[in-house]
Every structure is written in C-alpha cells, then in structure tokens.
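# Structure assessment
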Amino acid sequence: MTDLTKLKIAEARDMLANGDITARELTKAHIAAVDGFDALNAYIAKTPEIALKQADAADARIKAGTATGMTGIPIGVKDLYCTKGVHTQACSHILDGFKPEYESTVTQNLWDDGAVMLGKLNMDEFAMGSSNETSFYGPVKNPWRKGEIDTVPGGSSGGSVSSVAGFAAMGATASDTGGSIRQPASFTGTFGFKPTYGRCSRYGMVAFASSLDQAGPITRSVRDGAIMMQSMAGFDPKDTTSVDIAVPDFEAALTGDIRGMKIGIPKEYHMDGMPEEIEALWQKGIAWLKDAGAEIVNISLPHTKYALPTYYIVAPAEASSNLGRYDGVKYGLRETVQGGSLPDMYEATRAAGFGEEVKRRIMIGTYVLSAGYYDAYYLKAQKVRQLIANDFKAAFEKVDAILTPTAPSAAFAFGEKSDDPLAMYLNDVFTVPASLAGLPGSSVPAGLDKDGLPLGLQVLGKAWDEETVFKVSAVLEEAAGFIAEPKIWWR
Amino acid sequence: MSHIDKATVAKIARLSRIKIEDDKLEPLAGELNNILGWVEQLEEVNTDNVLPMASVVDVKLRWRTDEVTDGGKRDSVLKNSPNHEYGFFAVPKVIE
Amino acid sequence: MTYIVHGATGDFEIVVGLEIHAQVSSNSKLFSGSATAFGADPNTQVSLVDAAMPGMLPTINAECVRQAVRTGLAIGAVINKRSVFDRKNYFYADLPQGYQISQFKDPIVGPGVVTLDMGDGVTKDIGVERIHLEQDAGKSMHDQHPQYTYVDLNRSGVALMEIVSDPDIRTPEEAAAYVTKVRSILRYIGSCDGNMDQGSMRADVNVSVRRAGEPYGTRCEIKNLNSIKFVRQSIEVEARRQVDLIEDGGTVVQETRLFDPVKGETRSLRSKEDAQDYRYFPDPDLLPLEFDDAFIEAARATLPELPDAKRTRFVEELGLSDYTAGVLVAEKAQADFYEVLLDALVTASKKDMASVASKAANWLTGDLYGALNKAGKSIADTPVSAGQGAELLALIEDGTISGRIAKEVFEVMFETGKGAGVVVEEKGLKQVSDTGEIEAIIDGIIEANPNQLAQYRGGKDKLIGFFVGQVMKATGGKANPGVVNKLLKPKLDA
Ligand SMILES: [Mg+2]
Ligand SMILES: [Zn+2]
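Computed from a predicted model, the values in this text were never measured in an experiment. (Residues numbered from 1 in each chain as written. Chains lettered and ligands numbered in written order. Predicted model: local features only at pLDDT ≥ 70, side-chain atom pairs only at ≥ 80, totals over all residues. Heavy atoms only, no water.)

## Examining the coordination of the zinc ion (ligand 2)
Residues and elements named next belong to chain C.
- Taken together, His21 (NE2), Glu134 (OE) and Glu162 (OE) make up the full set of protein donors to the zinc ion (ligand 2), lying 1.9 to 2.1 Å away.
- Between consecutive donors of the zinc ion (ligand 2), the numbers of intervening residues give the motif H-x112-E-x27-E.
- The metal-metal distance between the zinc ion (ligand 2) and the magnesium ion (ligand 1) is 4.4 Å. Residue Glu134 is located in strand 8 (residues 123–135), and its partner Glu162 is located in strand 11 (residues 159–165); the two are separated by 28 residues in the primary sequence.
- Judged by relative accessible area, Glu162 falls into the buried class, the value being 9%. (Donors = N, O, S within 2.8 Å, 3.2 Å for Na, K, Ca; no water. Helix = DSSP H or I, 4+ residues; strand = E, 2+ residues; numbered from the N terminus. Buried < 20%, exposed > 50% of the residue type's maximum accessible area, 1.4 Å probe, protein only.)

Right, here's the structure in full:
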C-alpha cells in the first residue's frame, strides 16, 4: 500500500469516495506521522482522540453520500485559531493554559465539512515573526535542510508549513497579516493562499492586527488549496469585516487556460541585493506564463518601498491595542507581586507573558499612537497605505494578475536574522504590499536554489478575484513541475 | 524626527503596562530608535489631500437587531480565570 | 442670575460644563447580544465578547444607533451620517478589552441646544457640543474582601450616550436644571430611563473659576455623580476649594476628582504622574457607522411632543399659567397623566377643554401631588388614576358634589382606590339641589333666628354668611351652594 501521508487532498478525496481507503486509515497514518514529527517541533498539542472520532464520523458521512472535499482529511490547525476545549495560546506564554469555550468560524467550517483535526501547530508568538523563532514553545524546524544545517520554516505559520511539507498533515490552517502564509510556503515548497481581506471570518482567530489578519490554507498543491479554501471561506455575521458575497467554486477555476490573460510585472520588485537565483526564477515564471498564452505587461507600483515601514506602524499600533486584553484577569497567565497593586500585577504578568518581539511591537505601537506622535506616524501610515492600495487599483485596471517572487531569500539558518529586527522584517518585503491593500495572493513552489532549498513565486489578484489567483497559480505549478521533496531525516 | 531616550522607553513601558528592568531601558531605546528611524522614511511621501485608509473592505457597517441572544454563561466566562470567587473575577485590591 | 464665590481678594465666577453618561434603553448591549437588565447576578449577563475573550469581535446594535439619533434630534442637533468608532486604550480591572470602544473625532451627533427654564419666564440656552456612543465598563467592588477587588462584567459593553455640554453653565442651579432638563428629554423620547440611582444616568462635572473678565481657569473634572443634589453640591464645594487655593497662592491643576458627599469635599482621584494617554485610534474591527436621510427622518417621525413644545401648547391652547404648565411638563409621567385626565374630563363633562384645563391642572398639582407627597409616592404608583380623577372633577362640573365635598371624596379615593361615584354613593354625599327641599330648610332657619334676621335687615349685610352656614350645617354640607344663595337672598330681603 502507498504511504497515505504522501497523498494530496484531491487524491485522498477520490480514494475515500471510491472506498479505496477509509478516513480512519488515513487518520491513523497521519497520527503516526505526527508522532514521528516531534523533532521538528511543529505540533504543540496533539489531538488524536478528536481526530479518530472525526474520522469515524467522516467515514459514516462518506457512506451516506454527504461528503464534501474536506471530509475525512486530516489537517493541522495553527495555534492562532480558537478550538473549543483544546490548547489555544497563539504560542504565547501569556495565554498559559487557555482552552477556549468556543470555536473559530474558520475551523468550525472545516469540521462541519468533515475535516479531521490532528492537533495545534506552532507559530511565532501572536503571529509576530518571519522565522517561527519567537514562539514560546521554541522554534519550528523546516523539513528542508541546507546540507546538514537546520533552517527556519519561515513565519509566522511555521508549524503549518513544516507539518504539510513534512507529510505530518495533508493541509493546515494558517494566517497572513503581512505575509505569514506566503513567505513560509515559499521557504518549504508548499502552496500558500491568502484570500481577499473579508473573505474568511476572523471570529475566533486570536487577533494580531485586525485590519490585516486573514485566514488561509497551506497545502501541497494548488488544487488542494482550492478545496481547503472552499471550506474555510464564507460570510459570517459575527465578524463585521467579513463581507457578504457569494463564495465562488475555486476548484472549478483551475481550467489551466490563461490565454489572453494580462500578467503584470512590477518593476519595483527588482530589489537590490536579491539573490541572482530568485531574479532568475522570476524570469522563468514570466516565461512559463507567456508560453501558456498570457500577455506580460510591465507595471509600476510606485509606493512599494514604503509598504514595509507603513506595515511596521499600522500592525504594531493595532497589536498594542489588541493585546491589551492580556492582563491576567480573565484568562491565561497571572503574575502577582507580593503586596503589589493591580498595576503591579499587570506589569508583572505582561513582562513574564510576552516574548521580546511582542514586547517590542507593543511598545512601538504604543509610541506611534501616543499623544503628539499619532499624526506623524499612525495617520501618516494610514495615508501611505491608501496610496499603496491606489497603486494596485491602478495596476489592476491594466492587468488581471501580478507575478513576483514571494520572498527575497530562501530559508535561512536559525539565529541568522533573529538579532536584527530590521533584517527580519525585510523577509516580508514582497508580501506586505498586498496585505496592506487587502488583496488575494498565493505562493507557488517553483524551484530550488543552489543549496537545494525551495523558492516560491507569488501571484496577486484583484479584490474578490481569488479564482484568477488560483488559475494562474495552477498554470505555474504545472509548468514548474515542482516534485522535489525534503529528505526525511526526522524519523 | 524623534529620539527615544531612556525616560521615554520607561514612559511607553508604563503605558503598555509592561515591567522593564532599568538595565533593559537603554538597549531597548536603541532598538526602538532603529526601527523608528527606519519607518520615518515615510516622511518622503507626499500625502497632501490623501485620506487615511479606514478599511480595505468597501462595504457599510452591518447592524444587528436588538435582541438578547447571548449571556447566561457565567461558568464559561469564568472558566479560564486565574482567580474568581462567588461569581466575580478577583484581582489584587484596588485602593481608590 | 449670577453665582459669585466671594474670596478674600475679590469675587470669582464659576464656569461649568457637564458630561452626562446616559444608558441607552435597549434589550441587548452595544456590541454583543447579552442582556442589559439592572440587578442581575454577577457575570450572568456577559457574553464572550463582553469578557474580551481572544478572537471575539463586536457587532453593532441598530437600536442604539437609532436612539442616539433620536436623542440628537430631540435637542435640535446636527446628525452625522458618517461617524467612527475609536478605541480608548487604558488598563483597568473592569475594562476587559484593555480599551473602551467610543467615538472620539467623529461622533454620531454634533452641536445642539438644551434650553433651561430658570423661572419667571427667564430661559437660558446651554450648548451641547456632541453626543457619542460608547461602551460602559464593568463594575469593581473594593470592599468585599480584604485582599481582592471583585469584578462584575454585567455592565461591560452596555450602550451609553455621552452628552457633552459646552462650558455655558455659570451657577450650581443651572447645572442642576440642565441635568433635570436632559433627563426629562431622555425620558420623553424613551432613549434612556434616566434612573440615576440605578446608574443609568451619571454626570461628570468640569469646574473652573475665574475673576470677572478673565479667561477660563484650569478645570477639574468631578467624576460619576449619581444625583442632581450631588451635582449642585460638588460644584459649590469644588469652586470654593479652587478659590481658596488660588487665594492661598496655589494653582489649580487639571485632574480628575471624586466628590465625597459625607465629608462634603472633593479629592484627587488620579495623580499627575499617572496622566492618561488614551491613544485613541479608529477601531479596526468596526467599519465607519453610516446611514442616510431616510433613516434620520424615520427616527424623527417617532419623536413625541417634547417638553418645550408641550409647555407652549398648554399655555397657548389651554390657558394654563406659564408656571403651572412648566410644572406639568417637567416630568413626562406627569404630563402624560395630565393629558389623560383632561381628555377624560372633557368626555365625562362634555365641557370645552379650555374651560376645564385649569381646574384639572389645579387638582393635579394641588390635591393629587399633595397627597402623593404626603404618602411618599410618585405619580407612577398613584392609587387614584387619571380616569378616576376625571370622574371626580366631572361630578363637580355637573353639580353632583361641591368642591368641598370633592376634597372629602378624594381622600377616601386615595385611601381605598375606589371610584368617585362609588364613594359619593356609599357616603351619601350627593349634593342637594332640589329647590323645594332647600326652601323648606331656609324657611325653618329664618324662623329660628329672628335676632339675626333683624340685624341683617338693619344693614348688617355680612350676616348672609351666617345663614348660608346654617343651611349647609343643616344639610350636612350637601346643599348646592349656588341654589342656597339664589333662594336665601330674596327671602332675607323680603
Ligand atoms: Mg468623560
Ligand atoms: Zn464617556
């Protein structure tokens, strides 16, 4: 029998439907894979009992003929999503012991469709990071190594990409605030998809930066991403920023036909000091799309270089407020000071509960919102953000999709950038602009660098036109023929 | 534009309710200055007559009807609390 | 009218502005579906949103928007068709989110006016700068446990309207009149129940003092006053404190203070070092609040007649005195009672409204209020209904009973809750108007009092009162005084 953990979601779906395998078999194989995956530190909580129960329910459902694309599919869940009665801490110490009494809308949608939960996945603390080195539970390892050297999986959805790349989940939920789905997908040879802001409900997702946070899947193929996205997406009255428009059939968009489509190539994404290989891969991608019948159009997104600094004002500002609720009163960690006052408790709890990067961002956010600085920083950033969104609006008058590299580098070694916040922030230089504009985007595995590490290409689309992003992504995937797998060293 | 000194870091830390040890203030001031110095490149951008972006979704705020649909779940509300007594959250005494 | 604080070095005037927090009358909270009822067990009216659980999001209550718009319309204010919810960030035990959702730069209601009646036909306009919607905090109890403060989040997230006045108030009386008037308007339109003792209306008072002709002085904010009496007292006490401080060579520092009604003093609540920096910014979980003219007009169509308009109508159409009309309209419950009473009286007596309006008003403000006052009751729990009052007054109008008997009947009604007709019947208090019967009694009395008759006829006109009294005495007060007068005079003069 084939290794069930190597199946794609679409393949497993068909085999389940045909009765070739059962959801229980598929789940058991994955539970074993999860247990064999400890060396990578991707799972911070395992839920085999829940998984088996869900698998049995899925089998019954498949028999009854009411299965959906996700029925019986074992997935991992980023620790950012609230899962009822199950560890949910956004990988922060401050949520010590927190088990929500409620379920996030996105995960509920998945369970309603019959998906199977293998456990909770490691991430950068409160999704603040680009290498998964800020987690309270320690860093996640990338299944892909640079020779014998461990590499980071990217962040913040490090556990999500690592588990999917390493065959310890068929798919995983992730979340993207400034690139936390696409950049780690690029680092691990997986497909990552961020929908339009408002396509998925944020209800029950631990908030980092509310105006940017958006849910999305990590999978091993574009088709799998479309199947999983179909389940996650949808209007939710509990989230005012979720938009009440119909969810299209994403899988049906994978026609392979992009003839006549206009693909924009933004000149500002040619970055100084970017590795030659990435530039070359980008050119390859352009050629692939051209060969498939698309028209290549050179475009300009003039405010691109200001996206990152804009992001590092807006996101910390919102975060500084969003994280105000972690005060040791209602849930999570409480540190008291002998004979201390309530403010002493707040200060001690938050000092012990937050990691260094989270503290840094809270303080930046507090500063840019404080009296006398609001206009110069926050208001200014909101205006530049508008200009960045306008850039895209103008570009999408001329093109149907945009192609860029996903990240300016391949996966790097642990500690390589963690001492220099600014060097770390640069990881998101290509992903952040679309986040600020709320646009859909993907990262498609497209090649390997000289060290044998994966590299991704990013596809961006118009608001609410996820179908085009999927369609172009699938054409790239087909042309790239990316079949490389990480060498299994962990079991 | 701005230079964050030790005292400012202490003030921000206080506003953020995060205890920062004295010996950490100086290095933190350095880090924050680095980051702020970098974001200050936004000053180059002409934003005259640009409205600040309020939201990326171009829709109106939806309203809820005035019905009681929630509450009555004290156990759930208190369940994760580090300390609660008699149905109340309990925190170190506040002297007003 | 001016209010002067006399200092050793001269006179000071006071400048006062008020922020009134009024709880919006709604079934559920501003941003969650939990209930708002007063007096529930701790933390039973709390949703996961109110408790700020991770990942929980606000959704706005349409009714709270509507009531804020109606309140704005009631004071003739500008209604902003686009407003923005901001976060006001600070830490406190009863503030679970670490921020309050409020409106800072763009409130739902802009400038309006509240007109105060200061007596003797004098009015004064107080500007209202804005009304914004915001969340209430929870409640902290500091005296239940030696080491802990207990926190109840039932109020957390309840909708408040913060009504911010201009610094137009110059006397403690005006401040009291302003709060009274605002409460009256809120109750008329039903956007807030105005119950200060239950905390559904609270006032923050900003007080400063200055010598005549000087610019505004530094103000102090006295927080959370829960009665009109305390509003007046706290201003007096705080103004005195500031004047004394200035005259002692000190300076007033801008700060938040608490009023202690027992000690009759205000004291500092927050020290300067703890000065707040709320870091307001637009709440990214909520889009801007928008509505159109049709929504505003629909809200306007539901507004009842407001106290100022009602008062004018009472004076102009019913002929009530300005004073009486003012008393009647001050409280919606009283004005409602009066209007039901008057309608019923017109129906029962078939008389013209203007001819009975004053009588009804006098009975209400005299007899009924007197009795209610004495019994410590309010109009809400009066044992004599407006319908019963009308029945009583109609009996006077049609001559069944005299005004004097009516007072007796009313006393019984007030005690027993019985109807006027029933009491008159049971006690046999029906007025005697039968001329034959009364004539016979008069004849008997004239005959029995020859001395008085002689004196009367000798020029002592005033003795007619003696004879009337005798007749009334003989009939147990039931003789119709009109009939008595009509019959008696010709007989005495004969
Ligand atoms: Mg106030
Ligand atoms: Zn307020």
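Still more ground to cover, so stick around.
## What to know about helix 11 (residues 420–427) of chain C
All names here are of chain C.
- Listed in full, the buried residues belonging to helix 11 are Ala420, Val423 and Val424. Along the long axis of helix 11, the arc covered by the buried residues comes to 100°, so they all point the same way. In helix 11, the exposed positions angled more than 90 degrees off the buried face are occupied by Glu425 and Glu426.
- Close packing links the buried residues of helix 11 with helix 9 (386–397) and helix 10 (403–416).
- Note on helix 11: the residue one or two positions beyond its end, Gly428, has a positive phi of about 60°. (Arc of directions from axis to C-beta. Contact = heavy atoms within 4.5 Å.)

## Comments concerning the environment of Val399 of chain A
All names here are of chain A.
- Along the chain, Val399 turns up in the loop between helix 12 (375–398) and strand 9 (401–405).
- For the pair Val399 and Val297, spaced 102 residues apart in sequence, the C-alpha to C-alpha distance is 7.3 Å.
- Setting aside residues no more than four positions away along its own chain, Val399 makes contact with Lys262, Ile263, Gly264, Val297, Ile299 and Lys462.

## A short note on the side chain of Ser92 of chain A
All names here are of chain A.
- Along the chain, Ser92 turns up in the loop between strand 2 (74–78) and helix 4 (105–112).
- By relative accessible area, Ser92 is classed as buried at 0%.
- Each residue touching Ser92, except ones within four places of it in the same chain, is listed here: Glu125, Phe126, Phe136, Gly353 and Phe354.

## Digging into the packing of helix 12 (residues 435–448) of chain C against helix 15 (residues 481–493) of chain C
All names here are of chain C.
- Relative orientation of the contacting elements helix 12 and helix 15 amounts to 45°, with a least axis distance of 10 Å. The orientation of helix 12 with respect to helix 15, classified from their angle, is oblique. Judged by the sense of rotation from one axis to the other, the crossing of helix 12 with helix 15 is right-handed. Facing Thr435, Ile438, Glu439, Ile442, Asp443 and Ile446 of helix 12, the residues of helix 15 in contact are Val483, Val484, Leu487, Leu488, Lys491 and Leu492.
- Per-class residue counts for the contact of helix 12 with helix 15 are 8 nonpolar, 1 polar and 3 charged. (Axes fitted to C-alpha atoms, helices over the stretch in contact; angles between N-to-C directions. Parallel < 35°, antiparallel > 145°, perpendicular 65-115°, else oblique. Left-handed = near helix turned anticlockwise from the far one by under 90°. Nonpolar A, V, L, I, M, F, W, Y, C, P; charged D, E, K, R; others polar.)

## Looking at the packing of aromatic side chains
- One pass over the full model with this rule turns up 39 aromatic pairs over all chains.
- Relative to Phe430 of chain A, the ring of Tyr269 of chain A has its centre 5.3 Å away and its plane inclined at 20°; by these criteria the two rings are stacked. Of this pair, Tyr269 of chain A sits in the loop between strand 7 (262–266) and helix 8 (276–291) while Phe430 of chain A sits in the loop between helix 13 (421–425) and helix 14 (432–437), and the two are 161 residues apart along the sequence.
- Accessibility expressed as a relative area gives 1% for Phe430 of chain A, which makes it buried.
- One aromatic cluster in this structure is built from Phe98, Phe126, Tyr326, Tyr331 and Phe354 of chain A.
- Positioned above the aromatic ring of Tyr278 of chain C, the side-chain terminus of Lys88 of chain C is 4.4 Å from the ring centre. (Phe/Tyr/Trp six-rings, centres within 6.5 Å; stacked < 30°, edge-to-face > 60°. Lys NZ or Arg CZ within 6 Å of the ring centre and 35° of its normal.)

## Thoughts on the interface of chain A and chain C
- Taken together, the contact pairs 35 residues of chain A with 29 residues of chain C.
- Area buried by chain A at its contact with chain C is led by Thr240, Ser321 and Arg325 of chain A, which between them contribute 22% of it.
- Asp285 of chain C is the partner of Arg202 of chain A in a salt bridge, and the nearest nitrogen-oxygen pair spans 3.1 Å.
- Taken together, chain A and chain C are joined by 17 residue pairs in polar contact (both at pLDDT 80 or more).
- For the side of chain A that touches chain C, the elements supplying multiple residues, two or more each, are helix 9 (307–322), helix 10 (342–353) and helix 11 (356–369) of chain A.
- With 4 residues, helix 9 of chain A is the largest single contributor of residues to the side of chain A that touches chain C.
- Grouping the amino acids of the side of chain A that touches chain C by side-chain chemistry returns 18 nonpolar, 10 polar and 7 charged. (Buried area = accessible area lost by both parts, 1.4 Å probe. Salt bridge = Lys/Arg side-chain N within 4 Å of Asp/Glu carboxyl O. Polar contact = N/O pair within 3.5 Å; in protein donor to acceptor, adjacent residues only side chain to side chain.)

## Regarding the interface of chain B and chain A
- In this complex, chain B contributes 50 residues to the contact, which on the side of chain A involves 69 residues.
- Across the chain B/chain A interface, buried area totals approximately 5,000 Å², and carbon plus sulfur atoms make up 70% of it.
- On the chain B side of the contact with chain A, Leu42, Met53 and Arg62 of chain B bury the most area, a combined 15% of that side's loss.
- A salt bridge links Glu347 of chain A to Arg14 of chain B; its shortest N-O distance comes to 3.0 Å.
- In this structure, the connection of chain B to chain A is made through 18 residue pairs in polar contact (both at pLDDT 80 or more).
- Secondary structure elements with two or more residues in the side of chain B that touches chain A: helix 1 (6–16), helix 2 (22–39) and strand 3 (88–92) of chain B.
- Counting residues per element, the side of chain B that touches chain A draws most heavily on helix 2 of chain B, which supplies 8 residues.
- Split by residue class, the side of chain B that touches chain A holds 30 nonpolar, 11 polar and 9 charged.

## Here we look at the confidence of the model for chain B
- This prediction gives chain B a mean pLDDT of 93; 97% of its residues lie at or above 70.
- Predicted complex, confidence summary: ipTM 0.96, pTM 0.92. (pLDDT = per-residue confidence, 0-100.)

## Description of the pattern of salt bridges
- Applying the stated criterion to the full structure yields 60 salt bridges over all chains.
- Between Asp136 of chain C and Arg202 of chain C there is a salt bridge, and its shortest N-O distance comes to 3.1 Å. In this pair, Asp136 of chain C is assigned in the loop between strand 8 and strand 9 (139–141) and Arg202 of chain C in strand 12 (residues 201–211), connecting sequence segments 66 residues apart.
- We note a salt bridge from Asp443 of chain C to Lys491 of chain C, for which the minimum N-O separation is 3.0 Å. With Asp443 of chain C in helix 12 and Lys491 of chain C in helix 15, this pair connects stretches of sequence that are 48 residues apart.
- One network of salt bridges, with partners in common, ties together Arg202 and Asp239 of chain A together with Arg87, Asp283 and Asp285 of chain C.

## Let's talk about the nonpolar core
- Counting residues in each nonpolar core, the largest one holds 317 residues, and the members touching the most others are Phe126 and Phe392 of chain A together with Tyr178 and Tyr338 of chain C.
- Split by domain, the residues of this core number at least three in each of domain 1 (4–300) and domain 2 (307–427) of chain C.
- Setting aside its immediate chain neighbours within four residues, Phe126 of chain A contacts Ala90, Ser92, Ile94, Leu95, Val206, Ala207, Phe208, Leu323, Tyr326, Phe354 and Val358 of chain A.
- Counting 17 residues, the second largest nonpolar core, distinct from the first, contains Leu453, Tyr456, Val471 and Val484 of chain C. (Core = buried A, V, L, I, M, F, W, Y, C linked by side-chain atoms within 4.5 Å. Domains from an automatic or database assignment.)

## Description of the environment of Gly421 of chain C
- By the element assignment, Gly421 of chain C lies in helix 11.
- Between the C-alpha atom of Gly421 of chain C and that of Glu447 of chain C, which follows or precedes it by 26 residues, the distance is 36 Å.

## Considering the sheet that holds strand 6 (residues 214–219) of chain A
All names here are of chain A.
- What the 11 strands build is an open sheet, ordered 1-3-2-4-6-5-10-11-9-7-8; its pairing is mixed. Each edge of the open sheet is held by one strand with a lone partner, namely strand 1 (43–46) and strand 8 (295–299). Taken over all neighbouring pairs, the strand axes of this sheet differ in orientation by 30° on average, direction set aside.
- Pairing of strand 5 (residues 191–194) with strand 6, which is carried by 2 bridges, proceeds in the antiparallel orientation. (Pairing = 2+ DSSP bridges.)

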